[in-house]
Amino acid sequence: MHILLVGAGLSGAVIGRTLAEAGHRITILEARDHIAGNCHTERDADTGVMVHVYGPHIFHTDDEEVWDYVNRFETFLPYKNRVKTTSRGQVFSLPINLHTINQFYGKTLRPDEARAFIEDQADTTIEDPQTFEEQALRFVGPDLYEAFFKGYTIKQWGMSPTELPASILKRLPVRFNYDDNYFFHQFQGMPENGYTAMVDRILDHPSITVHLSTTFTRDQADEYDHVFYAGPLDGWFDYDLGRLGYRTLDFERFTYDGDYQGCAVMNYGEETVPHTRITEHKHFSPWESHDGSVLYREFSRLAEPGDIPYYPIRQVDEKALLADYVAKAEGETGVTFVGRLGTYRYLDMDVTIREAMDTAAVFLEKGADTPVFVKAPL
Ligand code: UDP
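Described below are features of the structure shown in this document. Bear in mind that the values here come from a model prediction, so they are computed numbers and not experimental data.

1. Details of the sheet that holds strand S11 (residues 226–229)
- Taken in spatial order, the five strands of this open sheet run S10-S2-S1-S11-S17, and their pairing is parallel. Unpaired on one side and paired on the other, strand S10 (208–211) and strand S17 (335–337) mark the two borders of the sheet. Along the sheet, successive strands turn relative to each other by an average axial angle of 20°, direction set aside.
- Note: strand S1 (residues 2–6) against strand S2 (residues 25–29), five bridges, orientation parallel. Residue pairing for S2: Val6 is matched across the bridge by Leu29.

Put into structure tokens, the structure is as follows:
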């Protein structure tokens, strides 16, 4: 079969490779002038620093098959994400751990004492937290919530944490020990030569042809036996029901001669500081050494048409609209919607790869008549 893939990010690359290895011919259309989607990396010509062009991407997973898959195409070197946050004139450790708690309250609590102390701060009348704010008040109490989560979340999502789902905060652990690893997954690392080098190798197969700077239009689909579409779900339908909301990010790039902040990610918990965080890219490659430094000051805002979509908002209005688009998508034949944009979900890289592997496997088993995979739980 001759298969079209729209988008050369992780979904497109993994599906393309799997189907190419199974004997299919693959054409990939990518609107941007580079592969790898939002995990694209590029070495800065002046400093030699590997830059995460669309913001920080840290690979972490519990899925051994996914870990083996990425390591097949690129060497992953040890990297642990240790995030700091600045609030009220001090620097604290994230995710909230025993160091954060002791520093914040000026105490020397041991793990059990800290657990009991935080339980005292927490609002235990909230039995089943629904909103972000309820989740925070239930698990860390008002002081830590206000210092570290409230302002950051208002900046990141442009709305009150009372309107956001608890699931967003559930991404972050609270620890009663000094473990300051931001993630709790078994495997974590950084690609030695960047994500783009990895995706390039995944796509390096004689049956795969990639066309960069090529915008897909629906009429092109007719020339192929099947389409895997990793573009925005509403874009497939020319936004005819309206636009699904996204947050976009603006990066204010600056350079520094030396080490600017001593860590890769510094968050800013307060609403009065306009940026959410500053990333210092050379610290994402701790095995390298560079005198100069490239940094991004990161700002979040509502995406307008033409902006790069980052985070699906998935509020009440978006969910209703999403349900309408999903119904339309289910009426389509010959196309499979994949990835973060195709399914309008906040996907980590490992989950994106896992779903791409599974989608390709189902396709190979059942053929081109398989139903659309719109995995967009409402
Ligand atoms: N968050 C926060 N303060 C922080 C870091 C995160 O309030 O210092 C909240 C924020 O709402 C964010 C969510 O926790 O959207 C999830 O954080 P994560 O670091 O997973 O966000 P990502 O790196 O995906 O942007």
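Moving on, there is more to tell.
2. Some remarks on the sheet that holds strand S6 (residues 76–78)
- Ordered by their spatial adjacency, three strands build an open sheet running S5-S9-S6, and the pairing between neighbours is antiparallel. Whereas interior strands pair on both sides, the edge strands pair on one side only; in this sheet they are strand S5 (59–61) and S6. The average undirected angle you get between the axes of adjacent strands in this sheet is 45°.

3. Remarks on the site of the ligand
- Taken together, 16 residues surround the ligand, and among them Arg171, Tyr182, Asn267, Tyr311 and Tyr346 come closest.
- One of the side-chain nitrogen or oxygen atoms of Asn267 is found 2.8 Å away from an oxygen atom of the ligand.
- With respect to the ligand, the side chain of Tyr311 contributes an N or O atom lying 2.6 Å from an oxygen atom.
- Protein coverage of the free-state accessible area of the ligand, which is 520 Å², stands at 93%.
- A breakdown of the residues in the shell around the ligand according to their chemical character gives eleven nonpolar, three polar and two charged.

4. A word on the side chain of Asn38
- Here Asn38 shows up in the loop between S2 and strand S3 (41–43).
- Of note is the side chain of Asn38, whose polar atom sits 2.7 Å from the side chain of Arg32.
- When neighbours within four sequence positions are excluded, Asn38 is seen to be in contact with Arg32, Tyr54, His57, Ile308, Pro309, Tyr310 and Arg340.

5. Section: the pairing of strand S13 (residues 265–268)
- Of the two faces of S13, the one carrying Val265 and Asn267 and the one carrying Met266 and Tyr268 are both buried.
- With three bridges connecting them, S13 and strand S14 (residues 277–280) associate as antiparallel partners. The partner of Asn267 across the bridge, within S14, is Arg277.

6. Considerations on the packing of helix H2 (residues 64–73) against helix H7 (residues 195–203)
- Interhelical geometry of H2 versus H7 gives an angle of 90° and a closest axis separation of 8 Å. Between H2 and H7, the interaxial angle falls into the category roughly perpendicular. Where H2 abuts H7, its residues Tyr69, Val70 and Phe73 lie against Met198, Arg201 and Ile202.
- When its residues are assigned to classes, the contact of H2 with H7 shows five nonpolar, no polar and one charged.

7. What about the packing of aromatic side chains?
- Scanning all chains against the criterion turns up 29 aromatic pairs.
- Judged by centre distance (5.6 Å) and plane angle (65°), the ring pair of Trp157 and Tyr311 falls under edge-to-face. On the criterion of sequence distance, the pair formed by Trp157 in helix H6 (residues 141–157) and Tyr311 in strand S16 (residues 311–312) is long-range, its members being 154 residues apart. Pair check on accessibility: Trp157 and Tyr311 agree, each one buried.
- Measuring from centroid to centroid gives 5.8 Å for Phe237 and Tyr325, while their planes differ by 25°, and the two rings are stacked. You can see Phe237 sitting in the loop between helix H8 (233–236) and strand S12 (246–257) and its partner Tyr325 sitting in helix H9 (residues 316–330), a full 88 residues away along the chain.
- A residue is classified by how much of its surface remains accessible, and Phe237, at 7% relative accessible area, is buried.
- Three or more aromatic residues joined by ring pairs form one cluster here, namely Phe216, Tyr229, Trp236, Phe237, Tyr325 and Phe337.
- One cation-aromatic arrangement involves Arg32 over Tyr54; the distance from NZ or CZ to the ring centre is 4.3 Å.

How each quantity is defined
Residues numbered from 1 in each chain as written. Predicted model: local features only at pLDDT ≥ 70, side-chain atom pairs only at ≥ 80, totals over all residues. Heavy atoms only, no water. Pairing = 2+ DSSP bridges. Helix = DSSP H or I, 4+ residues; strand = E, 2+ residues; numbered from the N terminus. Axes fitted to C-alpha atoms, helices over the stretch in contact; angles between N-to-C directions. Near = heavy atom within 4 Å. Polar contact = N/O pair within 3.5 Å; in protein donor to acceptor, adjacent residues only side chain to side chain. Areas by Shrake-Rupley, 256 points an atom, 1.4 Å probe, with all protein chains shown as cover. Nonpolar A, V, L, I, M, F, W, Y, C, P; charged D, E, K, R; others polar. Contact = heavy atoms within 4.5 Å. Buried < 20%, exposed > 50% of the residue type's maximum accessible area, 1.4 Å probe, protein only. Parallel < 35°, antiparallel > 145°, perpendicular 65-115°, else oblique. Phe/Tyr/Trp six-rings, centres within 6.5 Å; stacked < 30°, edge-to-face > 60°. Lys NZ or Arg CZ within 6 Å of the ring centre and 35° of its normal.

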